[in-house]
Amino acid sequence: MNTQTSQGTALITGASSGIGSIYADRLALRGYDLILAGRDAARLESLAAKLRGGRTVDIVAGDLGKKADVREIERRLLTDASITLFVNNAGQAAVTPLIESDVEKLEQMIEVNVVAFTRLAAAAARAFVKRGRGTIINISSAVALAPEMLNGAYNGSKAYVLNFTQSMQNELAGKGVQVQAVLPGAVGTEFWARVGLPLEHLPQEIVMPVETVVDAALAGLDQGELVTIPSLPDVENWDAFVAARKVLRPNLSRAQAAARYRPPASPAPRRL
Ligand SMILES: NC(=O)c1ccc[n+]([C@@H]2O[C@H](COP(=O)([O-])OP(=O)(O)OC[C@H]3O[C@@H](n4cnc5c(N)ncnc54)[C@H](OP(=O)(O)O)[C@@H]3O)[C@@H](O)[C@H]2O)c1
């Protein structure tokens with residue numbers, strides 16, 4: 001294990017498997033103590049046991065679909081001054097078309113991907129601004145940019161994460177807090193099997209190994225990127241997308257409707 005000086009503590013949600021578990025490994029190697037969150041206490045404990053040599057690793061088991069459990073993580077973010085990095089990663093998928101989906105399950109997903117995500121991001125932002133430093137990594141998805149893919153509630157939840165992160169950056173610039181949204185494409189984790197879509201059913205050329213995703217995301221963080229798309233070869237494509245969005249901005253709120261929406265000129269009054 002590492003002998004680096006502690007960088008403070010990283011709190012990671014969804015650390016029991018997949019992307020979160022690799023963040024735990026990589027951040028321990030970078031010198032962070034860890035707080036690992038997830039529902040599955042046994043898995044969290046077994047990961048913690050592997051990472052403990054030389055680092056302090058705590059676990060907090062709870063369901064982000066339950067307010068009391070979300071509040072416990074908020075409390076830690078707000079009160080534990082050793083926390084310097086927050087990975088807002090826990091998430092669930094939905095892959096069926098809207099009209100075939102169980103709307104109760106979509107609501108549960110939104111509770112985790114949007115509601116808990118927001119409360120925890122807000123707690124981390126408040127705490128880090130107060131302490132004058134901190135890093136927030138929000139795990140979005142490439143489907144934030146591809147609303148035609150998967151389920152609209154899922155990709156909408158991930159577009160929320162992207163939009164929210166861009167807004168956070170706008171608000172927190174100059175307050176010592178670094179924020180990053182990570183937009184992986186398909187990743188080789190349990191995420192897919194959990195919703196009944198085995199990973200083997202995806203074209204293998206679009207599936208990135210989970211270690212590659214996290215290492216690329218951390219490289220993007222080190223480069224100070226606000227948005228990291230691990231698979232995107234040419235970053236100028238993203239810059240062009242952002243520039244196109246900004247072109248719209250001066251015309252997004254005006255007193256007059258655009259000419260094409262104005263009623264046609266009224267005809268001359270008829271003489272009866
Ligand atoms: N895999 C992909 O293709 C992919 C692509 C783009 C983005 N992402 C995003 O990456 C993030 C991590 O996903 P992953 O691929 O690593 O999948 P994963 O292996 O299924 O991990 C999901 C993690 O979230 C936790 N979690 C799920 N529901 C929870 C709840 N109600 N309360 C607390 N924790 C909960 C799980 O922990 P427990 O089971 O212990 O509760 C698990 O640790 C998600 O936000 C996902 O949207 C994934």
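In case you missed it, the structure is sitting above this.
Residues numbered from 1 in each chain as written. Predicted model: local features only at pLDDT ≥ 70, side-chain atom pairs only at ≥ 80, totals over all residues. Heavy atoms only, no water.

**Q** Can you explain the nonpolar core? Please cite residues and give values.
**A** Counting residues in each nonpolar core, the largest one holds 30 residues, and the members touching the most others are Ile12, Tyr23, Leu27, Leu34, Leu36, Val87 and Ile137. Of all the secondary-structure elements, those providing two or more residues to this core are strand 1 (9–12), helix 1 (18–29), strand 2 (33–38), helix 2 (41–51), strand 4 (83–88), strand 5 (134–139) and helix 6 (210–222). Ile73, Phe86, Val112 and Val161 belong to the second-largest nonpolar core, a separate cluster that totals 27 residues. (Core = buried A, V, L, I, M, F, W, Y, C linked by side-chain atoms within 4.5 Å. Buried < 20%, exposed > 50% of the residue type's maximum accessible area, 1.4 Å probe, protein only. Helix = DSSP H or I, 4+ residues; strand = E, 2+ residues; numbered from the N terminus.)

**Q** A description of empty space enclosed by the protein should follow, citing residues and the corresponding values.
**A** Counted by the stated rule, this structure contains one cavity of 30 Å³ or more. In this structure, the largest cavity spans a volume of roughly 30 Å³. When residues in the lining of the largest cavity are grouped by element, the largest group, four residues, is from helix 4 (residues 103–131). For the lining of the largest cavity, the per-class residue count stands at six nonpolar, three polar and no charged. (1 Å grid on protein atoms, 1.4 Å probe; cavity = no way out; pocket = protein on both sides within 12 Å on 5 of 7 lines; lining within 4 Å. Points joined across faces, edges and corners; volume = space filled by probe spheres on them. Nonpolar A, V, L, I, M, F, W, Y, C, P; charged D, E, K, R; others polar.)

**Q** Give me the lowdown on the site of the ligand, citing residues and values where you can.
**A** If you check the shell around the ligand, you find 32 residues, and the closest are Ser16, Arg39, Asn89, Thr189 and Arg194. Backbone polar atom of Gly14 to an oxygen atom of the ligand: 3.0 Å apart, as the coordinates give it. Here an oxygen atom of the ligand sits 2.9 Å away from a polar atom, N or O, in the side chain of Trp192. Look at the ligand: alone it shows 880 Å² of surface, and the protein chains cover 98% of it. Residue assignment for the shell around the ligand shows that the elements contributing at least two residues are helix 1 and helix 5 (152–172). Classifying every residue of the shell around the ligand by side-chain character gives 12 nonpolar, 14 polar and six charged. (Near = heavy atom within 4 Å. Polar contact = N/O pair within 3.5 Å; in protein donor to acceptor, adjacent residues only side chain to side chain. Areas by Shrake-Rupley, 256 points an atom, 1.4 Å probe, with all protein chains shown as cover.)

**Q** Before we move on, could you go through helix 7 (residues 235–248) and cite the residues and values that matter?
**A** Compared with an ideal rise of 1.5 Å per residue, which puts 14 residues at 20 Å, helix 7 spans 21 Å between its outermost C-alpha atoms and is within 8% of the ideal. Two or three places before Glu236, at the opening of helix 7, Asp234 has a side-chain oxygen 3.0 Å from that residue's backbone nitrogen. (Expected span 1.5 Å × (residues − 1).)

**Q** I'd love a proper account of helix 6, names of residues and values included.
**A** Over its 13 residues, helix 6 extends 18 Å from the first C-alpha to the last, a length consistent with the 18 Å expected when each residue adds 1.5 Å. All of the buried residues along helix 6 are Val210, Val213, Val214, Ala217, Leu218, Gly220 and Leu221. With its buried residues spanning 155° around the axis, helix 6 presents them on a single face. Turning to helix 6, the residues buried within the fold contact helix 1, strand 5, strand 6 (177–182) and strand 7 (227–228). Once helix 6 ends, the next one or two residues include Gly224, with phi positive near 75°. (Arc of directions from axis to C-beta. Contact = heavy atoms within 4.5 Å.)

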